[in-house]
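# Structural characterization, general
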Amino acid sequence: MSVARVTEITSSSKKSFQDATEKGIERASKTLKNVEGAWIQDQKIVVEDGRIAAYRVNMKVTFILAE
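First, a word on scope: everything that follows refers to the structure included in this document.

What counts as what
Residues numbered from 1 in each chain as written. Predicted model: local features only at pLDDT ≥ 70, side-chain atom pairs only at ≥ 80, totals over all residues. Heavy atoms only, no water. Phe/Tyr/Trp six-rings, centres within 6.5 Å; stacked < 30°, edge-to-face > 60°. Helix = DSSP H or I, 4+ residues; strand = E, 2+ residues; numbered from the N terminus. Buried < 20%, exposed > 50% of the residue type's maximum accessible area, 1.4 Å probe, protein only.

For the rest of this paragraph, the subject is the packing of aromatic side chains. The tally for this structure, following the rule as stated, stands at 1 aromatic pair. Considering the side-chain rings of Phe 17 and Tyr 55, the 5.1 Å spacing of their centres and the 80° angle between planes classify their relative orientation as edge-to-face. Within this pair, whereas Phe 17 is found in helix α1 (residues 17-31), its partner Tyr 55 is found in strand β3 (residues 51-64), the two being separated by 38 residues in sequence. Judged by relative accessible area, Phe 17 falls into the partly exposed class, the value being 23%.

Laid out in structure tokens, this is it:
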């Protein structure tokens, strides 16, 4: 039997929501072992001077706890 844990992270990118998601998963995988999946809880853009300055995603990352 395995036990999983979920942690919430926020990641941002100047390119796109996709890039923000990929950066977030890549970074989470460096710290958390056994990352199994994630789901995007929320997406947000940051606007500066009438233009999109950043794309942000809030995601919940699931990882399996070590035995």
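Now that the structure has been shown, we can carry on.
Another point: unusual backbone geometry. With a phi angle near 65°, Asn 34 is a residue other than glycine that sits in the positive phi range. Residue Asn 34 is classed as partly exposed on the basis of its relative accessible area of 42%. In this structure, Asp 49 takes a positive phi of about 55° despite not being glycine. For Asp 49, the location among the structural elements is in the loop between β2 (35-48) and β3.

Scope: geometric values only; no functional claims are made or implied.
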